[in-house]
Amino acid sequence: MMHRSAIITGEKAETSMMREASSASPSGSSAALNAEGVGGAPSGLTTASPPAPPPKCHCMCCSKPMSPPDPDLPRLPKEENDLAEEHGRTRNLMDCIAAASVPMDAPVCKECAEQLQSGMSRQLEMLEDDCLHYSQLVKDLSSRFSNVNVAEYKAKIEKLKKDETDLTAELRALILEEEKVDRELSAEKRALEQTSAQEEELWARLRDYHSYMIKNDQEVREMNMEIRYIDSQLRMLTRTSVLSLAFPIEVTQSSPSSLPIAAINGFRLGRLPDVQIDWPEINAAWGQALLLLDILMKRAHCALPGVEFVTLHSSSAIRVERGNAVKEYPLHAAGSWKPFGNKNMDGGAAIFMEALALLCNTISDQAKANGGVQVEWPHRIRGDRLIADDMELQVKMQFSAEERWTNAMRAMLLNLKWGRCHDQHREGV
């Protein structure tokens, strides 16, 4: 059995060697005749060639050297013996042995041949046993299915073959349909990938737009809040007078038993025996009062001819032009407070009262012309005096007591404050 599948790969070389051994003598004679014809030697003198060495032969199984085959033994024709050699194919060792003309043509030694023969004998026995088993199986099947309708089974087999053919055709159709579905599925997957990419891009744009919208919404809210704040401030400012903020006029009282003193923009205008106020504060109060009077007269479009207000805070004055002469009346003083007052600013205070009276009359006339009610002033003005509770209060300091002069200043600032309020009312504040 182990030599049954051995393959001879060098049979072509062995066959060539055997062919050379069988044709050694004829080729030698031809060489001798050629040599004689060429050299011109006498025909009686011939030169014999040395005998060719016998070809080597080896066993194809164990590679043991073997004796060469006898060339005189009869052989099969070449077309029958060397068919595989001519076509360049290898042959099975059994084929070589079976195709050999003589025993020596088989390329195996005696030991290998005996092993091959024993293996073939065992294989033959196994085949005979198989043949007996198959024969017994055939007998058993024949006895078991002796009454079987063969035609019916043949018809069933034909039907099964037809069903197989139909199912095969259906399978092919299903395979084609599956391939078509696979192609469609691949196309749908590619379309889905493209759609997914577009979806990701759109989501990214949506996130960007959403963040941009949130940012803009926050900015809009901040702007609306700022607008509301500005609007409230604007309404507050429209209801607020600039003159009220710049020139607040109030009355202060140092103690319950003392007389009240009027103040403009925080500067007190007055003096009491128990409340000593220095000249710089009084001068500053006169400067603030003169500046407020100048603004109110300009807004009311009224003016004293030849009178110019010089507003220099605590060094303010009133300049009067009469003809070619110009005289300046100060509204500030310095030095000690005399028992009978200081007459340095009396001239300026008298002109101040004249301008204040003109302002009061102008505001009253304008209110009456616009169909308004008659304006009632807190204190009537008569020349350089104010009427308070049927009592005349002189604004000049000379020959005036501190308490009366302080009451006169309070009445004057109260009329000035009243004029400021009417100006605000006219402007709609």
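Cut-offs and rules
- Residue positions are given per chain, counted from 1 along the sequence in the order it is written.
- Per-residue local features of the predicted model are confined to residues with pLDDT of at least 70, and side-chain atom pairs are confined, for both listing and counting, to 80 or more; whole-chain, interface and lining totals are unaffected and use all residues.
- The side-chain quantities take in all heavy atoms of the structure and omit both hydrogens and water.
- UniProt positions are given in the numbering used here, feature names are shortened, and annotations may be inferred rather than shown by experiment.
- Take the buried Ala, Val, Leu, Ile, Met, Phe, Trp, Tyr and Cys residues and link them wherever side-chain atoms come within 4.5 Å; each set so joined is a nonpolar core.
- Between buried and exposed lies partly exposed: a residue is buried under 20% and exposed over 50% of the maximum accessible area for its type, with that area taken using a 1.4 Å probe on protein chains only.
- Note on contacts: a residue pair is in contact if any heavy atoms of the two residues lie within 4.5 Å.
- A run of H or I in DSSP counts as a helix once it spans at least four residues, and a run of E counts as a strand once it spans at least two, with each numbered from the N terminus.
- The span one expects for a helix is its residue count, reduced by one, times 1.5 Å.
- What qualifies as a polar contact is a pair of N or O atoms within 3.5 Å, subject to a donor-acceptor requirement within protein and to the restriction that residues adjacent in sequence count only when both atoms come from side chains.
- Two rings from Phe, Tyr or Trp (for Trp, the six-membered ring) form a pair when their centres sit within 6.5 Å of each other. Planes less than 30 degrees apart are called stacked, planes more than 60 degrees apart edge-to-face, and all others tilted.
- The pairing criterion is simple: DSSP has to find at least two bridges between the two strands.
- Every residue carries a pLDDT, the predictor's confidence in it, which falls somewhere between 0 and 100.
- Criterion for a disulfide: a pair of cysteine sulfur atoms at a distance within 2.5 Å.
- Nonpolar side chains (Val, Leu, Ile, Met, Phe, Trp, Tyr) within 5 Å and like charges within 9 Å form the patches, drawn only from residues with over 30% relative accessible area and no salt bridge.
- The accessible surface values rely on the Shrake-Rupley method and a 1.4 Å probe; as for residues, cover is taken only from the protein chains in view.
- The working definition used for a salt bridge is a side-chain nitrogen of Lys or Arg within 4 Å of a carboxyl oxygen of Asp or Glu.
- Positive charges come from Lys and Arg, negative ones from Asp and Glu, while His and the chain ends are left out of the count.
- Here the site of a charge means atom NZ of a Lys, CZ of an Arg, CG of an Asp or CD of a Glu.

If you look the protein chain up in an unreviewed UniProt entry, it shows as Autophagy-related protein 6 from Pristionchus mayeri. The record held by UniProt for the protein chain lists under Sequence similarities (unreviewed entry) the comment "Belongs to the beclin family."

Let's shift gears to the nonpolar core. Within soluble globular proteins, side chains that are nonpolar tend to cluster in buried spots. Core analysis: the largest hydrophobic core is formed by 52 residues, its most contacted members being Leu269, Trp286, Leu293, Phe352, Leu359, Met412 and Leu416. When sequence neighbours within four positions are dropped, the list of residues in contact with phenylalanine 352 reads Trp286, Ala289, Leu290, Leu293, Ile318, Leu331, Met412 and Leu416. Core analysis: the second largest hydrophobic core is formed by six residues, Cys57, Met66, Val108 and Cys112 among them.

Our next topic: unusual backbone geometry. For histidine 301, which is not glycine, the phi dihedral falls at a positive 60°. Relative to the assigned elements, histidine 301 resides in the loop between helix 9 (279–300) and strand 8 (307–310). Of note, histidine 313 is a non-glycine position whose phi angle comes to about 60°, a positive value. Relative to the elements of secondary structure, histidine 313 occurs in the loop between strand 8 and strand 9 (317–322).

This brings us to helix 7 (residues 150–238). Helix length check: helix 7 (89 residues) gives 122 Å between terminal C-alpha atoms against 132 Å at 1.5 Å per residue, within 8%. Where helix 7 begins, one side-chain oxygen reaches toward the backbone nitrogen of alanine 151, 3.3 Å away; that side chain belongs to asparagine 149.

Turning next to the packing of aromatic side chains. Going through the model one piece at a time under the given rule, you end up with one aromatic pair. Judged by centre distance (5.4 Å) and plane angle (85°), the ring pair of tryptophan 286 and phenylalanine 352 falls under edge-to-face. Of the two residues, tryptophan 286 is situated in helix 9 and phenylalanine 352 in helix 10 (residues 346–369); the sequence distance between them amounts to 66 residues. Neither residue differs from the other here; tryptophan 286 and phenylalanine 352 are each classed as buried.

In space, the three strands of this open sheet follow the order 5-6-7, with antiparallel pairing throughout. Only two strands of the sheet have a single neighbouring strand rather than two, namely strand 5 (249–252) and strand 7 (267–268). Two elements, strand 6 (residues 261–264) and strand 7, share two bridges in a ladder whose sense is antiparallel. Residue pairing in the sheet places isoleucine 264 in a bridge with phenylalanine 267 of strand 7.

What follows concerns helix 9. End to end, helix 9 covers 31 Å across 22 residues, agreeing with the expected 32 Å (1.5 Å per residue, within 8%). When you tally the buried positions in helix 9, you get 17 out of 22 residues, the bulk of the element. Positive phi shows up at histidine 301, right after helix 9, with a value of about 60°.

Turning to the confidence of the model for the protein chain, a few remarks are in order. Per-chain confidence: the protein chain averages 79 in pLDDT, with 75% of residues scoring 70 or above. Across the protein chain, element-level confidence peaks in strand 7 with a mean pLDDT of 94 and bottoms out in strand 1 (residues 7–8) with 36. Low pLDDT (under 50) marks residues 1–47, which in the prediction has 54 contacts with non-local residues, meaning those over four places away or in another chain. For the stretch residues 79–90, pLDDT sits under 50, and the model shows 17 contacts to residues farther than four places along the chain or on other chains.

It is worth spelling out the UniProt feature "coiled-coil region" (unreviewed entry) in the protein chain at this point. In the numbering used here, UniProt assigns the "coiled-coil region" (unreviewed entry) feature to residues 150–177. In the segment residues 150–177, helix accounts for 100% and strand for 0%; the C-alpha atoms at its two ends are 39 Å apart.

Moving on, we come to the state of the cysteines. Counted under the stated rule, the structure contains zero disulfides. This cysteine, cysteine 109, is not joined by any disulfide, and cysteine 112 carries the nearest cysteine sulfur, 3.3 Å off. A relative accessible area of 7% places cysteine 109 in the buried class. Of the residues examined, cysteine 112 reaches a relative accessible area of 6% and is grouped as buried.

Attention now goes to the environment of methionine 353. With respect to the secondary-structure elements, methionine 353 resides in helix 10. Take methionine 353: its relative accessible area is 0%, and that puts it in the buried class. In the structure, methionine 353 is positioned 30 residues away from glycine 383 in sequence and 7.1 Å away in space, judged by C-alpha atoms. Each residue touching methionine 353, except ones within four places of it in the same chain, is listed here: Ile381, Gly383, Asp384, Arg385, Leu386, Val395 and Met412.

Below, the discussion takes up a negative patch on the surface. Among the surface-exposed residues, Glu125, Glu128, Asp129 and Asp130 lie close enough to one another that they form a single negatively charged patch. By the element assignment, glutamate 128 lies in helix 6 (residues 110–144). What makes glutamate 128 partly exposed here is its relative accessible area of 44%.

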